[in-house]
Structures are given as structure tokens and as C-alpha cells.
Amino acid sequence: MGHIEGLSRNQRELVAASLDERLGSDHAVRVIDAFVETLDLPALGFSKVVACGMGRPAYQPADLLKLYIYGYCNQMRSSRRLEREAERNIEVHWLINRLAPSFKTIADFRKDNADAIVAATRAYVQFCRRCSLYAGEQVAIDGSKFEAVASRKKVITPKGLAQRVAAIDAKIAGYLAAMDEADRDEAADPDGSTDVAAALEALKRNREDIQAQSQALADEGLTQRVVGEPDARLMKTARHGHQVSYNAQTAVDGRHGLIAAFDLTSDCNDLGQLLPMAEQAKAALDVETIVVVADTGYSNGEQARACEKAGITAAVPRPETVQTRGEALFSRDAFRYDAAADSWTCPAGETLTLFKTSKADQARYYRTRACAGCALRARCTKGKGGRTIARHFFEDDREAMHRRTLEDPSLMKRRRELVEHPFGIMKWMLGSPRFLVRGLRKARAELALAVLGFNLKRAIAILGVPALLAALRPQPA
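These remarks concern the structure in this document. (Residues numbered from 1 in each chain as written. Predicted model: local features only at pLDDT ≥ 70, side-chain atom pairs only at ≥ 80, totals over all residues. Heavy atoms only, no water.)

**Considerations on the overall build of the chain**
And step 1. Assigned secondary structure in the chain consists of 16 helices and 13 strands.
And step 2. Rg of the C-alpha trace for the chain: 30 Å, well past the compact-globule value of 23 Å for 477 residues, more than 25% over.
And step 3. Taken along its principal axes, the extent of the C-alpha atoms in the chain is 100 × 85 × 60 Å.
And step 4. In the chain, buried positions account for 42% of the 477 residues.
And step 5. Within the chain, contacts between residues separated by at least 24 positions form 70% of all contacts whose residues are at least 6 apart in sequence. (Helix = DSSP H or I, 4+ residues; strand = E, 2+ residues; numbered from the N terminus. Rg over C-alpha atoms; globule rule 2.2 N^0.38 Å. Buried < 20%, exposed > 50% of the residue type's maximum accessible area, 1.4 Å probe, protein only. Contact = heavy atoms within 4.5 Å.)

**A closer look at the packing of helix α5 (residues 79–88) against helix α7 (residues 103–112)**
When two helices pack together, you describe them by how their axes are tilted relative to each other and by the distance separating the axes.
And step 1. Contact geometry for α5 and α7: axes closest at 8 Å, N-to-C directions at 125 degrees. In terms of orientation, α5 lies oblique with respect to α7. Considering how the two elements wind past one another, α5 and α7 form a crossing that is right-handed. In contact with Ser 79, Arg 80, Leu 82 and Glu 83 of α5, α7 contributes Phe 103, Ile 106 and Ala 107.
And step 2. When the residues that make up the contact of α5 with α7 are grouped by side-chain class, the tally is 4 nonpolar, 1 polar and 2 charged. (Axes fitted to C-alpha atoms, helices over the stretch in contact; angles between N-to-C directions. Parallel < 35°, antiparallel > 145°, perpendicular 65-115°, else oblique. Left-handed = near helix turned anticlockwise from the far one by under 90°. Nonpolar A, V, L, I, M, F, W, Y, C, P; charged D, E, K, R; others polar.)

**Structural notes on the packing of helix α14 (residues 410–430) against helix α15 (residues 440–463)**
And step 1. Look at α14 against α15: their axes get within 9 Å of each other, and the N-to-C directions meet at 115 degrees. In terms of orientation, α14 lies roughly perpendicular with respect to α15. Seen from above, α14 lies across α15 with right-handed handedness. Contacts from His 421, Pro 422, Ile 425, Met 426, Met 429 and Leu 430 in α14 reach Ala 450, Val 451, Gly 453, Phe 454 and Lys 457 in α15.

**Considering the sheet that holds strand β11 (residues 351–358)**
Adjacent strands of a sheet pair through backbone hydrogen bonds, lying either parallel or antiparallel.
And step 1. Strand order in this open sheet of 5 strands is β9-β10-β11-β12-β13, and the pairing throughout is antiparallel. The open sheet terminates on both sides in strands that have one partner only, identified here as β9 (336–338) and β13 (389–392). Strand-to-strand twist across the sheet, computed as the mean angle between neighbouring axes with direction ignored, equals 35 degrees.
And step 2. For strand β10 (residues 343–345) and β11, the ladder comprises 2 bridges, and the chain directions are antiparallel. Considered in β11, the bridge of Trp 344 is made with Leu 352. (Pairing = 2+ DSSP bridges.)

**With respect to the environment of Gly 174**
And step 1. For Gly 174, the position within the fold is in helix α9 (residues 158–184).
And step 2. Note on Gly 174: relative accessible area 41%, which makes it partly exposed.

**Section: the packing of aromatic side chains**
And step 1. As enumerated under the stated definition, the model contains 11 aromatic pairs in all.
And step 2. Ring centres of Tyr 124 and Phe 127 lie 5.7 Å apart, and the angle between their planes is 40 degrees; this geometry places the pair in the tilted category. Of this pair, Tyr 124 and Phe 127 both sit in helix α8 (residues 114–130), 3 residues apart, which is roughly one turn of the helix.
And step 3. Under the relative-accessibility criterion, Phe 127 is labelled buried at 6%.
And step 4. Residues Tyr 337 and Tyr 366 carry aromatic rings whose centres are separated by 6.4 Å and whose planes lie at 75 degrees to one another, so their mutual orientation is edge-to-face. (Phe/Tyr/Trp six-rings, centres within 6.5 Å; stacked < 30°, edge-to-face > 60°.)

**As for the pattern of salt bridges**
And step 1. Enumeration over the complete set of coordinates arrives at 24 salt bridges.
And step 2. A salt bridge links Asp 115 to Arg 441, with the nearest nitrogen and oxygen atoms 3.2 Å apart. Taken together, the positions of Asp 115 in helix α8 and Arg 441 in helix α15 put the pair 326 residues apart, joining distant regions of the chain.
And step 3. Judged by relative accessible area, Asp 115 falls into the partly exposed class, the value being 48%.
And step 4. A salt bridge links Arg 332 to Glu 395; its shortest N-O distance comes to 3.2 Å. Residue Arg 332 is located in the loop between β8 (312–315) and β9, and its partner Glu 395 is located in helix α13 (residues 395–407); the two are separated by 63 residues in the primary sequence.
And step 5. Among the residues examined, Arg 332 registers a relative accessible area of 13% and is labelled buried.
And step 6. Salt bridges linked by common partners bring Asp 33, Glu 37 and Lys 66 together as one network. (Salt bridge = Lys/Arg side-chain N within 4 Å of Asp/Glu carboxyl O.)

The structure is reproduced here in C-alpha cells:
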């Protein structure tokens, strides 16, 4: 018995199938085509929608947008890779009608239409909302670090600049000492002295440049800057330590796990993202009230109060107070607060009263004189002044969020199920969770394409291609 053999590559087809016939009627690429055709591209901000009357004709932005959505859905982000796919991939042939744009044209489209791409992704969220794929009752918020196009070596900080200045000063001192030695030596090589003087001038210019960078950081109130990628920051990532990154934020709806809102920020942590992301999700879902669940990184009392005023019920656990040095000392949870007396009671039964209020820290500080002779001092504090307890101005609001997570433990379990999954899929779709473009605005467009790809795949899994096509295409009268 022989093997299964294919047709000869030299065989001609008498009646060749069209591209549309080669592509199944339920192929996912048809959803991409139908969605882009529904968009009002000029309103979203895409350029070159109307053909110019002079010069070489431009590609339609709809075709390039389809190409990018297809690429991000299939782990193909590079403009050169997309250029190759446009030449050889039958699915891309069908999607953009056998067009073959160059990599430069493809790359420029992403760069020039960054804001419009974000708007297109939000338009798909609104389409999914009209299809009742969002419940609009509960969303889970989380953040993840995506590496930027920059090396850690490009990060400058005041401390690092000061160290570089000190190193240059040491070299300058060495050169000056060498020049003094040469002056004392009458037989010294004059050319050697010239070389030393040139090197000395170069070091002085380098020091002036570094001092200018340090002054610029101080004037702008920055603690760090990345040369070549000023919007990014050095952040702690889960797997690769500290890397130059952006902080990606998502809000995921509780019905089908679709992303309702997203953003990209330069903030190194999530402390200031609860209110912005909750408001964005509430607006995207067009609801009056909503429940928001997040992890301890979002525990911000001031934003919790603002959420309550905006009709947002936030459930966020308070970070557990731990001893960073590994010492078995009483945690803050061992102290009881008396709101009526505005005081704390310690494990030994002593009362800690208010002794300082800091507007800068937005906190009130409490302590007692009884620490000096307390029998439990060794288990409570190592500080010479005794134990100090801090209470934030918005502590009650933060505690209210924390109590909601204690009253319903399933909230945090549901949060993990909802919000961790999309980030995992998006990072798989990106191939490597590192942006290809520079700048916050353009990197946000890359995140938007990843979000659009995830939501599109998710909607296909929920409704199927035929149902989505029926919803996207206008029904005959």
C-alpha cells in the first residue's frame, strides 16, 4: 500500500476556486473584515480616509487596520512580518484583497494613527455591549508590567548621576596630578602633556552634561528618566526583576470575562489607578452604579471616597502589615482604634494618643509614654521612642473596602479568575510582552490592538462567527 500523495505542483486548474470560496464561511477573519467595515474611520481619527487628489495614491486605512488586527490576533506584530504575510498568506490575501504594502507603510500606519487605533478598540467594546456580552454589574481591575523599548542602562537617576560625577572628578584629579608630575619633569614628552590636557577637557565637558541632566531632573521633580524613552519608568516586573516598562491596566466584566476598559500609564504601582479605571469602566458599560474588585495594590482611601461619590462600590483588601526585618513583633492589627476617643489601645492595654498630624503624609500619628517600662516592649518595638501608630486621613474609607472583601470572600477568588486570564492571553498574543514602539501614546496603541484581539477571540468563542457576522452586517429591509 502506498502513501497518501498530493497533487502535482505543475497541475493547472481548469476552474480555480476564488479566494472567498477557499475561506470557510465561519472563518474568524471574516469577523475582522465585517467589524472594520462598520467603523466610521474619519470620526475615529484615522488619517488618509479621503484619497488625495495629487501624488501617489495611499492605501485605505481600513485595509491596514484589518492587517494589524489580524497580525495581533496571530502573534504577528512586526511590520516586516506583516509585509511577508501579505505576500504569502491566503487569509491576508482575502482580508486586504491581495494588497502588498511595504513594511514602512505598515509601520507608519501604526505610528500615525495611534489614538485612532485606541478609539477603534473602544468602538468594539461598545459593539459587544450592544450584543449584551457585558453585564455591567461587576468588574475586576488589575495591572501588569509590559517592557518598553529601552535598556536598564538608559535609566538615569539623581543618585546614579552623582556617582558618575564623583567618578569623573576622581579621573580629573588623577589627570591633574599627572600634569603636575609632568611639569616637574623637564624631560617629559610635550605631546603626552597635550594628550592629557585634551582628555581633561573631554572629562570636564562630560561632567557638565551630567550636571545639566541632574538639574533637569530636579527642575521637573523626577526621580528617574529613561534616555530615548522618557515616558517609561524602571519598574519591578514579576519575572525579570527591574526593567524599563509601562503599567498596563484592564477592567474585566464579570459576565463573560471581556475587557471593558484599558489604559497604559507610567506609574510604577497601581495605587492611583482605582478611580480612573473604575470610572472608565463605568462609562464604557454605560451604567449608573457598578461594583469594582481589585487587589491590595489599589488600596487607596482617598480614591475609595471618590468612588463612593461616583456610584462605584469598591472591594479592595487592605495590605497586611508585616515586619520587613522578619522580627516577631506585634503587627498594627494587634492595636484597637477607638473612634470616639480618637486613640489606640495596644496589646498591653495602654492608650496611644495623638501627638502629630502630617498633611504631607495625610496621616495622624499616635504613641504613648508607657512604652519605656512596658513588659511587652521587646515584642512590640525596637525604636528608642517607643511604638508609633499611623492612621491615614481616609482610613475609614479604606477599611470599608477591606470589610467588603471579608464579608464576601468569593470576590477575590472571582477577581483572580476574571482579570489574570486576559493578561496571560494578551502576552501570548504579543509573543514577547515587550512593546515594539517608543512613547506612551504609541505603546498604548499596541496595547489596544492586543485588547481588541483578545475581545474579538473571546466574542467568537462565546457567540460564534455566524452570530457575530449577523450582528455586524446590516440586515436587509
